[in-house]
Every structure is written in structure tokens, then in C-alpha cells.
Amino acid sequence: MAKAEVVAVERFPVKVLLEEEGISADGDLSTFTAIAKPLTMATLLFERRERGRGGTNANTRTRLLPDSVTVSQDGRTLQFALKTEIDVQKPELLLEQTGKSELTRITLAKAELRSNDGQLMACYASALEQDFEGPDGAALKETIDSFTVFDATNIKS
């Protein structure tokens, strides 16, 4: 079976994320903990990502793993994981070929509020669960861990 591993980066205004959800964007938006509880912020990012991919919570088979949600001590980095059940057209053939009758995709996410320009940057890395359990998973975890956002106010054009 071919591998399908994806790394994606998004950048958008924090105010837009909140306003799209009907949440007031007044006040301190410099840390995730100042905006909302970490699980709430992870849920907002997850839901935004699903809408952008054409899904909604009603018809998606992706779920946020609540125990995976962490926030850095300074409140400016949020990490979480998603798990997606993938529809398999011929589960008996998949079982014969791979020993598994279902497919699951794991997605790691890291969001940063470090650019100091009102923008949130998020990095997502995903792979099929069986690929994630091997060396590819370690490489994707390292990709997420190494994702760094720089202070945009120090960048000269």
C-alpha cells in the first residue's frame, strides 16, 4: 500500500478564528490561555480545519483526542492530536493485504502565537496509523517539534 503523509502550515488572524465562531475578539489575544481553555482552543482549530477541508463535525469521522491537548508554560504554543477513521471500500481485501480491516489517520498539530502580529500559525503532520507507528511517525513528530514561528515585528522587508 502506498504511503500518504502530509505536512501543512496555515496562517490566519486570531480575530478571524474567534469571530467565525461568534466569540468576542476583544481583549488579550497574545496567549492561548488568555483567549480560552486549551481544549476549547484545540477544538476551534480542529473545527476550522474540518470546515476548510469541506467537512463538518456532523459528517466527519475525525475526532480530537482530548488527552493530547497541551499548552506551553508561556501559553503561546498549543499542541494536540486528531484521529480519523478512513472509509475502506473493500475491507476484506485490505485485511488480506495488510492484516487490518480498517484504516486510521493520525494528525499531530502545533499552533503558535509568537509572530506578534495578530496571526496564528499552525502546522499539521499526518500519516496512516501503521506508518505513524514506524520511523515515519518519528520523522513527523520531529517535524512538528521543530516547527518554529518568528517574531514578525523583527523582520524587515
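Everything that follows concerns the structure shown earlier in this document.
Nothing here was measured: the structure is a model prediction, and the numbers come from that model.

Quick word on the overall build of the chain
Piece 1. Helices and strands together make up the secondary structure of the chain, namely six helices and six strands.
Piece 2. Each helix and strand of the chain, ordered N terminal to C terminal, gives the series β-α-α-α-β-β-β-α-β-β-α-α.
Piece 3. Counting only residues that meet the buried cut, the chain has 39% of its 157 residues in that class.
Piece 4. Intrachain contacts of the chain at a sequence separation of at least 6 include 60% that bridge at least 24 residues.
Piece 5. When the accessible surface of the chain is totalled, it reaches about 9000 Å², and 49% of it is carbon and sulfur.

Points about the packing of aromatic side chains
What describes a pair of aromatic rings is the distance from one ring centre to the other and the angle between the planes of the rings.
Piece 1. One pass over the structure, following the stated rule, counts zero aromatic pairs.
Piece 2. One Lys or Arg, arginine 48, reaches over the ring of phenylalanine 12 and ends 3.6 Å from the middle of that ring.

Structural notes on the pairing of strand S4 (residues 77-86)
Piece 1. Judged from the three bridges that link them, strand S2 (residues 62-64) and S4 form a sheet pairing that is antiparallel. Of the residues in S4, the one forming a bridge with threonine 62 is threonine 84.
Piece 2. With two bridges connecting them, strand S3 (residues 70-71) and S4 associate as antiparallel partners. Bridging across to S4, threonine 70 finds its partner in glutamine 79.

Focus: the pattern of salt bridges
Piece 1. Under the criterion given, the structure shown has 11 salt bridges.
Piece 2. Of the charged contacts, one joins arginine 114 and glutamate 112 as a salt bridge, the two residues approaching to 2.6 Å between their closest N and O atoms.
Piece 3. Take glutamate 112: its relative accessible area is 4%, and that puts it in the buried class.
Piece 4. A single salt-bridge network, built from bridges that share partners, covers Glu10, Glu20, Glu21, Arg48, Arg49 and Arg51.

A word on helix H3 (residues 38-52)
Piece 1. The terminal C-alpha atoms of H3 lie 21 Å apart, and with 15 residues this matches the ideal 21 Å at 1.5 Å per residue to within 8%.
Piece 2. Among the residues of H3, Met41, Ala42, Leu44, Leu45, Phe46, Glu47, Arg49 and Glu50 are the ones counted as buried.

Thresholds, definitions, all that
- Residues numbered from 1 in each chain as written.
- Predicted model: local features only at pLDDT ≥ 70, side-chain atom pairs only at ≥ 80, totals over all residues.
- Heavy atoms only, no water.
- Helix = DSSP H or I, 4+ residues; strand = E, 2+ residues; numbered from the N terminus.
- Buried < 20%, exposed > 50% of the residue type's maximum accessible area, 1.4 Å probe, protein only.
- Contact = heavy atoms within 4.5 Å.
- Areas by Shrake-Rupley, 256 points an atom, 1.4 Å probe, with all protein chains shown as cover.
- Phe/Tyr/Trp six-rings, centres within 6.5 Å; stacked < 30°, edge-to-face > 60°.
- Lys NZ or Arg CZ within 6 Å of the ring centre and 35° of its normal.
- Pairing = 2+ DSSP bridges.
- Salt bridge = Lys/Arg side-chain N within 4 Å of Asp/Glu carboxyl O.
- Expected span 1.5 Å × (residues − 1).

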